[in-house]
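Residues per chain are reported as follows:
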Amino acid sequence: MNYPRTVTMRGKSIEITDAKRAARVAEMPEIEWIKDRDLRDKVIDAWVAALEAHGFTQIGDMKPSGNYDSNPLLTGTQCDHMRSVCRLAVKTAEEMAGLFPNFRYDRDILIAGALCHDIGKVWEFQPDNVKRWKADSYAVGFPSVRHPGYGVFICFAMDLPEAVAHIAAAHSAEGELLERSLENTIVHWADVTFWKTVEAGRQFAATDTWLDGMTGGVSGQPRSAKA
């Protein structure tokens, strides 16, 4: 799939080029851990399309928090969160496999799912969407769709496997309403571990100015209007 192609998402025609793909791998190098080339390319292209369709230039442009209304990280980005969840998930699986000879898991699906578990945040964290929802929370809800649900849309739209869409769909509270797959269970607890450790380590910013300003900052502070 290493060739330019055009996809449509949210009514926008998006050209996926090798340069855009390289930018996503540079931001999230764990993508290269996926051995299956077709799956790896689909993860990359899904992020290229999702970001561009919703007005982001990189994963780090999104508010670095668990939910649109929770305080951001003191330092680090949304991309750092997904990379860390991926690393925690892989280490957990490797530890279990090392202890239990009969423990079997799909490493590629685990990695792809971990790296795409929050891909739906391009919708829930999109500043114009948040402003619109805040203006009239009864029109379509607030938010209209949480990131797990929207992540399913992106995964299926970009032809990612059902197992990856399941991880996006059920890594959070929505997963309490169904039976999680093994890989999703690992990602779920890696995600919980990340945010609980951030909280216990006092790595949340004391204030949240993201929804009042521009997105795309670092260390929990928004980019100035001139940036």
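The structure contained in this document is the topic of the report that follows. (Residues numbered from 1 in each chain as written. Predicted model: local features only at pLDDT ≥ 70, side-chain atom pairs only at ≥ 80, totals over all residues. Heavy atoms only, no water.)

Brief notes about the overall build of the protein
Along the backbone of the protein there are 9 helices and 2 strands. Ordered by position from N to C terminus, the α and β elements of the protein give β-β-α-α-α-α-α-α-α-α-α. What you see for the protein is a C-alpha radius of gyration of 17 Å, in line with the 17 Å of a compact globule of 227 residues. Taking the principal axes of its C-alpha atoms as reference, the protein extends roughly 55 × 45 × 35 Å. Considering only intrachain contacts with a sequence separation of at least 6, the fraction spanning at least 24 residues in the protein is 64%. Element-wise, carbon and sulfur atoms account for 54% of the exposed surface of the protein, whose accessible area totals about 11,000 Å². (Helix = DSSP H or I, 4+ residues; strand = E, 2+ residues; numbered from the N terminus. Rg over C-alpha atoms; globule rule 2.2 N^0.38 Å. Contact = heavy atoms within 4.5 Å. Areas by Shrake-Rupley, 256 points an atom, 1.4 Å probe, with all protein chains shown as cover.)

A word on helix H4 (residues 107–116)
Of all 10 residues in H4, 9 are buried, a share of seventy percent or more. When H4 is considered as a whole, its buried residues turn out to be Asp108, Ile109, Leu110, Ile111, Ala112, Gly113, Ala114, Leu115 and Cys116. Residues of H4 that are buried make contact with helix H2 (37–53), helix H3 (78–99), helix H8 (162–170) and helix H9 (182–200). Two or three places before Asp108, at the start of H4, stands the capping residue Asp106, its side-chain oxygen 3.2 Å from that residue's backbone nitrogen. (Buried < 20%, exposed > 50% of the residue type's maximum accessible area, 1.4 Å probe, protein only. Polar contact = N/O pair within 3.5 Å; in protein donor to acceptor, adjacent residues only side chain to side chain.)

Observations regarding the packing of aromatic side chains
Per the stated rule, a full pass over the model turns up 7 aromatic pairs. With a centroid separation of 5.9 Å and 45 degrees between ring planes, the pair formed by Phe103 and Tyr105 is classed as tilted. (Phe/Tyr/Trp six-rings, centres within 6.5 Å; stacked < 30°, edge-to-face > 60°.)

Section: the side chain of Glu124
Residue position: Glu124 is located in helix H5 (residues 121–124). Notably, Glu124 is buried but unbridged: the nearest opposite-charge side chain belongs to Arg146, and the N-O separation is 4.6 Å. Reaching out from Glu124, the side chain makes a polar contact with the backbone nitrogen of His147 at a distance of 2.6 Å. Those residues in contact with Glu124 that sit more than four places away from it in its chain are Asn67, Tyr68, Val130, Trp133, Pro143, Val145, Arg146 and His147. (Lys, Arg positive; Asp, Glu negative; His and termini not counted. Salt bridge = Lys/Arg side-chain N within 4 Å of Asp/Glu carboxyl O.)

Digging into a nonpolar patch on the surface
On the surface, Met96, Leu99 and Phe100 cluster together to form a nonpolar patch covering roughly 290 Å² of accessible area. With respect to the secondary-structure elements, Leu99 resides in helix H3. (Patch = residues over 30% accessible without salt bridge, like charges linked within 9 Å, V, L, I, M, F, W, Y side chains within 5 Å.)

Geometric values such as these leave the question of function open.
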